[in-house]
There are 2 protein chains.
Amino acid sequence: METRPDIGREAGDTEPEGLTPGARKILDAAGALFYERGITAVGVDLIAKEAGTTKKTLYDRFGGKDALIAAYLRERDRRWRSWLTSWVDTRAPGTGTGAGPGERLLATFDALAEWTRQHNPRGCGFVNAAAELPDPAHPGRRVIDEQKLWLRGYLYELAVAAGADEPDRLADELALLHEGAVVLRGLAVVDDPVARARALAAQSLERALSRPRYGVPPTADTPPGDRSA
Amino acid sequence: METRPDIGREAGDTEPEGLTPGARKILDAAGALFYERGITAVGVDLIAKEAGTTKKTLYDRFGGKDALIAAYLRERDRRWRSWLTSWVDTRAPGTGTGAGPGERLLATFDALAEWTRQHNPRGCGFVNAAAELPDPAHPGRRVIDEQKLWLRGYLYELAVAAGADEPDRLADELALLHEGAVVLRGLAVVDDPVARARALAAQSLERALSRPRYGVPPTADTPPGDRSA
DNA sequence: GGGTAGGTAGACCGATCGGTCTACCGGTAG
DNA sequence: CTACCGGTAGACCGATCGGTCTACCTACCC
């Protein structure tokens with residue numbers, strides 16, 4: 001179990017807080033089981049068995065199921081943030097390029113599309129977890145709140161950088177579209193909800209950039225038909 | 001001697017009062033407990049105790065926990081549909097009034113706002129239930145799918161009646177906003193997400209109605225029954 | 001009266017829940 | 001060599017899980 005690049009984790013990931021090999025296996029197994037079958041429905045015996053370890057190791061390394069749930073959410077949050085920011089920085093470097101100022105905001109939807117395609121057949125793991133953790137004092141709830149606040153803040157930063165009129169409003173709207181898209185991805189009511197959300201986001205963006213704050217001339221937006229096959 | 005556990009009524013049943021008093025109390029208690037604490041976390045013993053009945057009555061009336069879950073979802077679905085349609089019909093009668101053609105579509109967001117204020121402190125009950133029912137064969141899953149498809153179809157009908165350009169697209173977009181709003185209502189990241197969603201819906205609506213399909217002026221109502229694609 | 005429906009009360013079942021425990025084993029650092 | 005660390009193996013705990021069962025009661029209708 002040496003650290004080998006790009007196996008289960010994304011590029012640029014760093015091993016969080018030096019997990020022992022047993023703890024790593026447990027966290028991986030818990031991550032898959034919690035997301036696929038639900039948190040409450042998965043017992044610690046099954047996690048230990050699936051990880052090829054024992055409950056002893058689980059309790060020695062994590063302390064209990066609640067702490068393991070929080071660790072699972074932290075891990076998922078860390079991967080999602082890394083995925084999103086690296087995607088945006090790579091595909092829409094911005095600042096001086098010929099692309100429109102809203103390119104980086106729209107790129108978040110492309111990142112989401114690929115993320116859901118790879119890791120999200122059952123909707124947002126954080127929304128699902130919130131459904132199972134009604135107790136506000138549960139350690140996992142803090143991770144969930146942080147994740148949602150972080151995304152909204154990230155969208156706000158991008159909105160400000162793009163020179164959007166009313167960046168607060170734009171960030172709220174795009175956060176709304178992100179959540180709606182990832183939730184409808186889990187259900188089967190709209191096909192390609194992320195693409196729909198992106199198109200609607202482009203429309204919202206167009207309006208927000210047509211009246212920039214500091215007199216920056218409105219530039220041509222990226223065409224909505226920009227989507228790659 | 002056991003009565004038939006077919007009380008989990010089929011779709012098309014409009015009467016909630018085929019229920020015996022004991023079954024009614026159980027369904028009420030289960031509805032509150034399932035939504036507030038999560039489905040898996042709530043046991044049948046607690047439901048029977050909270051309802052002031054016994055497990056015997058629960059199993060005689062509903063057959064088992066899975067059937068009770070489906071009955072709970074059906075009940076919630078029925079209330080939501082009734083709430084939404086009656087709100088729209090009352091506050092936005094449409095067809096011949098002086099209001100705009102998209103008034104009924106926007107009214108769905110007002111209905112949602114009031115619904116969430118009254119019944120939805122923890123987000124969408126169906127999304128939460130879907131998170132806890134990963135098995136596609138679970139009887140509750142069918143109810144969830146029907147609920148989401150119904151809303152999307154209802155929005156589509158309203159979009160067609162309003163004479164929207166691309167009613168499929170508009171229905172998808174509004175469904176997206178509905179889901180995003182109700183999910184973010186459960187979390188605490190955006191204040192008044194329903195209002196944000198309504199504003200964005202109004203914007204989407206404005207565009208969809210500015211280019212009606214057959215050259216009808218945007219202020220005129222297109223007669224319903226338009227089913228061409 | 002008899003039959004039946006709906007209900008209450010509560011014992012009981014095997015399985016599983018989260019969590020703790022002792023005992024042993026291999027590697028490694030002082 | 002010894003001490004310790006991380007792990008394996010598995011017994012064990014009380015509680016609770018979904019579900020079944022017997023027994024008895026009341027009310028209503030033929």
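You'll find the structure just up there.
What counts as what
Residues numbered from 1 in each chain as written. Chains lettered and ligands numbered in written order. Predicted model: local features only at pLDDT ≥ 70, side-chain atom pairs only at ≥ 80, totals over all residues. Heavy atoms only, no water. Near = heavy atom within 4 Å. Polar contact = N/O pair within 3.5 Å; in protein donor to acceptor, adjacent residues only side chain to side chain. Helix = DSSP H or I, 4+ residues; strand = E, 2+ residues; numbered from the N terminus. Phe/Tyr/Trp six-rings, centres within 6.5 Å; stacked < 30°, edge-to-face > 60°. Lys NZ or Arg CZ within 6 Å of the ring centre and 35° of its normal. Least-squares fit on C-alpha atoms with pLDDT ≥ 70 in both. Contact = heavy atoms within 4.5 Å. Buried area = accessible area lost by both parts, 1.4 Å probe. Salt bridge = Lys/Arg side-chain N within 4 Å of Asp/Glu carboxyl O. Nonpolar A, V, L, I, M, F, W, Y, C, P; charged D, E, K, R; others polar. Buried < 20%, exposed > 50% of the residue type's maximum accessible area, 1.4 Å probe, protein only.

1. A look at the protein's contact with DNA strand D
Reasoning step 1: The full set close to DNA strand D counts 20 residues, and A:Thr20, A:Gly22, B:Val44, B:Lys55 and B:Lys65 are the nearest of them.
Reasoning step 2: Near the protein, meaning within 4 Å, the atoms of DNA strand D are sugar or phosphate in a fraction of 56%, with bases accounting for the rest.
Reasoning step 3: Within the backbone of A:Gly22, one N or O atom sits 2.6 Å away from a phosphate oxygen of DNA strand D.
Reasoning step 4: If you tally residues by element for the surface near DNA strand D, the top one is helix H1 (residues 21-37) of chain A, at four residues.

2. Here's the deal with the protein's contact with DNA strand C
Reasoning step 1: Not every one of the 21 residues close to DNA strand C is listed here, only the nearest: A:Val44, A:Lys55, A:Lys65, B:Thr20 and B:Gly22.
Reasoning step 2: For DNA strand C, the backbone portion of the atoms within 4 Å of the protein, that is sugar and phosphate, comes to 59%.
Reasoning step 3: Within the side chain of B:Thr20, an N or O atom sits 2.8 Å from a phosphate oxygen of DNA strand C.
Reasoning step 4: B:Gly52 is positioned such that a nitrogen or oxygen atom in its backbone is 3.4 Å from a phosphate oxygen of DNA strand C.
Reasoning step 5: Mapped onto the surface near DNA strand C, the elements with two or more residues apiece are helix H2 (44-51) and helix H3 (55-62) of chain A together with helix H1 (21-37) and helix H3 (55-62) of chain B.
Reasoning step 6: Broken down by element, the surface near DNA strand C gets its largest block of residues, four residues, from H1(B).

3. Side note on the packing of aromatic side chains
Residue and element names in this part refer to chain A.
Reasoning step 1: Evaluated as defined, the whole model comprises 10 aromatic pairs over all chains.
Reasoning step 2: A connected cluster of aromatic rings, assembled from ring pairs, spans Trp80, Trp83, Trp87 and Trp115.
Reasoning step 3: Between the NZ or CZ atom of Arg76 and the centre of the ring of Tyr35, over which it lies, the distance is 4.1 Å.

4. Some details on the relation of the copies chain B and chain A
Reasoning step 1: Taken as rigid bodies, chain B and chain A are interconverted by a rotation of 180 degrees and an axial shift of 0.0 Å, the fit giving an RMSD of 0.1 Å. The superposition of one copy onto the other is thereby described by a two-fold rotation axis. Rotation axis and chain B: the residue whose C-alpha lies nearest the axis is B:Gly180, separated from it by 1.8 Å.
Reasoning step 2: Comparing interface residues between copies, 100% of those in chain B also sit at the interface in chain A, which points to an isologous, same-surface contact.

5. Let's talk about the interface of chain B and chain A
Reasoning step 1: In this complex, chain B contributes 40 residues to the contact, which on the side of chain A involves 40 residues.
Reasoning step 2: Regarding the contact of chain B and chain A, the summed buried area is about 3,400 Å², with carbon and sulfur atoms giving 69% of it.
Reasoning step 3: Linking chain B with chain A are two salt bridges, by the criterion used here.
Reasoning step 4: A salt bridge links A:Arg196 to B:Asp172; its shortest N-O distance comes to 2.7 Å.
Reasoning step 5: Summed over the shared surface of chain B and chain A, the number is seven residue pairs in polar contact (both at pLDDT 80 or more).
Reasoning step 6: Of all the secondary-structure elements, those providing two or more residues to the side of chain B that touches chain A are H1, helix H6 (125-132), helix H7 (139-161), helix H8 (167-186) and helix H9 (193-210) of chain B.
Reasoning step 7: The greatest single-element share of the side of chain B that touches chain A, amounting to 12 residues, is contributed by H8(B).
Reasoning step 8: Residues that form the side of chain B that touches chain A fall into these classes: 21 nonpolar, six polar and 13 charged.

6. A few points about the pattern of salt bridges
Reasoning step 1: Across all of its chains, the model carries 36 salt bridges over all chains by this definition.
Reasoning step 2: Where B:Arg24 meets B:Glu75, a salt bridge forms, and the shortest distance between an N and an O atom there is 2.4 Å. In this pair, B:Arg24 is assigned in helix H1 and B:Glu75 in helix H4 (residues 65-91), connecting sequence segments 51 residues apart.
Reasoning step 3: Close ionic contact of B:Asp28 with B:Arg79 constitutes a salt bridge, the shortest N to O distance being 4.0 Å. Placement of B:Asp28 in helix H1 and of B:Arg79 in helix H4 is noted, with a sequence separation of 51 residues between them.
Reasoning step 4: Using a relative accessible area of 42% as the deciding quantity, one classes B:Arg79 as partly exposed.
Reasoning step 5: Here the salt bridges do not stand alone but share partners, grouping A:Arg24, A:Asp28, A:Glu75, A:Arg78 and A:Arg79 into one network.

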